[in-house]
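In case you want the letters, here they are:
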Amino acid sequence: MTGWELAAVCAAGVVAGAINAVVGSGSLITFPTLVALGVDPVTANVSNTVGLVPGSFSAAYGYRTELQGQRDRLLRLGAASALGALIGGILLLFLDPDVFEIVVVVLIALACVLVMTQPRLNAWVAARREQAHPHGGPALWLGVLGAGVYGGYFGAAQGVLLIGLLGIFLDDGLQRVNAAKNVLALIVNAVAAAFFVVAADVDWQAAAGVAAGAVAGGFLGARLGRRIPAPVLRAVIVCVGIVAIVVLVYG
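Remember, it's a predicted structure, so these values are computed and weren't measured experimentally.

## Details of the environment of Gln158
Tracing the backbone through its elements, the reader meets Gln158 in helix H8 (residues 158-169). Note on Gln158: relative accessible area 5%, which makes it buried. Each C-alpha atom of the pair Gln158 and Val188 lies 9.4 Å from the other, and the pair is 30 residues apart in sequence.

Right, dumping it as structure tokens:
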């Protein structure tokens, strides 16, 4: 990887880290960047997951105020995230790589749809707020498990899925929901990354570039992300998602 290519990966990591802290879906920035630079799609997904772990930590740390009082909740739901991430990672490595290239196009398209419909999703969440279970219940645990499987296999838009699930089933403010989302996404990325380090081929140069950018982006997103207009973020994510689909299909 040349110096300019590494710089491009770092820049993508900054944007992805910031987006992950606020919205989720930062992998729609870094994953297609790695693929466009010639990294094999499965290796790109593995390396991207490893690289995003430090950024996920910085995003979670940036929301530490909103995390106060959520320890028991996150311990319970974190177990579901960890188990789901391990299942998703195993599926990624043991399914035929050709299957991944087909499935990931569908997942990116789904992620784009989720991002575009997030305002309506949030409105639906608000409408359900009075019916929310104070502790989430078994349905939320299973939903977080499913999101963990998705995140371990291909993490783009897992944050959007988690915000939707947590917002529906928990009786809490959306900023605290977003903080919890950051912690659960960190658990998914960390567990999947640990598995990949042991069992998969990691492009460490690519992972390091993503990590360097994502750390800065995570802090930036936690501090300044709420000032960025949500429509702008959604438009960027969707455009990059379309580019990713084109790269995977025609590259």
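## Focus on the packing of aromatic side chains
Under the counting rule described, the total for this entry stands at seven aromatic pairs. On the numbers, 6.4 Å between centres and 80° between planes, the contact of Phe31 with Phe100 is edge-to-face. In this pair, Phe31 is assigned in helix H2 (residues 27-36) and Phe100 in helix H5 (residues 97-116), connecting sequence segments 69 residues apart. For the pair formed by Phe31 and Phe100, the shared burial category is buried. Seen in terms of ring centroids, Phe195 and Phe196 are 6.0 Å apart; in terms of plane orientation they differ by 55°. Their pairing is tilted. You can call Phe196 buried: its relative accessible area is 0%. By way of ring pairs, the aromatic residues Phe31, Phe100, Tyr153 and Phe154 are connected into one cluster. In this structure, Arg64 packs its charged tip against the face of Tyr61, placed 4.2 Å from the ring centre.

## What to know about a negative patch on the surface
A surface patch of like charges, here negative, comprises Asp40, Asp96, Asp98 and Glu101. Tracing the backbone shows Asp96 in the loop between helix H4 (71-94) and H5.

## Observations concerning the pattern of salt bridges
Under the counting rule described, the total for this entry stands at three salt bridges. Two residues, Arg71 and Asp72, come together in a salt bridge whose shortest N-O distance is 3.6 Å. Across this residue pair, the class does not change: Arg71 and Asp72 are exposed. Note that Arg176 is salt-bridged to Asp172, the shortest N-O span being 2.9 Å.

## Details of the nonpolar core
By size, the foremost hydrophobic cluster in this structure holds 74 residues, and its most contacted members are Phe31, Phe100, Val104, Ile108, Phe154, Leu166 and Phe196. No other element matches helix H9 (residues 174-199), which puts 12 residues into this core. In contact with Ile108, not counting residues within four places along its chain, are Leu28, Phe31, Phe154, Gly241, Ala244, Ile245 and Leu248.

## Side note on H2
The buried fraction of H2 amounts to eight of the 10 residues, a majority that puts the element mostly inside the structure. Those residues of H2 that sit buried are Ser27, Leu28, Ile29, Thr30, Phe31, Pro32, Leu34 and Val35. Positive phi appears at Gly38, one or two residues downstream of H2, with a value of about 100°.

## A few points about the UniProt feature "transmembrane region" (unreviewed entry) in the protein
Under the present numbering, the feature "transmembrane region" (unreviewed entry) in UniProt falls on residues 74-95, 102-119, 139-170, 182-200, 206-225 and 232-250. Split by type, residues 139-170 is 84% helix and 0% strand. Its first and last C-alpha atoms lie 11 Å apart. With 95% helix and 0% strand, the stretch residues 182-200 has end C-alpha atoms that lie 25 Å from each other.

## Focus: the side chain of Thr30
Positionally, Thr30 belongs in helix H2. Looking at Thr30, its side chain comes within polar contact range of the side chain of Asn48, at 2.4 Å. Residues in contact with Thr30, not counting those within four places in the same chain, are Ala12, Gly13, Ala16, Asn48, Leu52 and Val210.

Scoring rules and cut-offs
Residues numbered from 1 in each chain as written. Predicted model: local features only at pLDDT ≥ 70, side-chain atom pairs only at ≥ 80, totals over all residues. Heavy atoms only, no water. Helix = DSSP H or I, 4+ residues; strand = E, 2+ residues; numbered from the N terminus. Buried < 20%, exposed > 50% of the residue type's maximum accessible area, 1.4 Å probe, protein only. Phe/Tyr/Trp six-rings, centres within 6.5 Å; stacked < 30°, edge-to-face > 60°. Lys NZ or Arg CZ within 6 Å of the ring centre and 35° of its normal. Patch = residues over 30% accessible without salt bridge, like charges linked within 9 Å, V, L, I, M, F, W, Y side chains within 5 Å. Areas by Shrake-Rupley, 256 points an atom, 1.4 Å probe, with all protein chains shown as cover. Salt bridge = Lys/Arg side-chain N within 4 Å of Asp/Glu carboxyl O. Lys, Arg positive; Asp, Glu negative; His and termini not counted. Charge placed at Lys NZ, Arg CZ, Asp CG, Glu CD. Core = buried A, V, L, I, M, F, W, Y, C linked by side-chain atoms within 4.5 Å. Contact = heavy atoms within 4.5 Å. UniProt positions renumbered as here; feature names shortened; annotations may be inferred. Polar contact = N/O pair within 3.5 Å; in protein donor to acceptor, adjacent residues only side chain to side chain.

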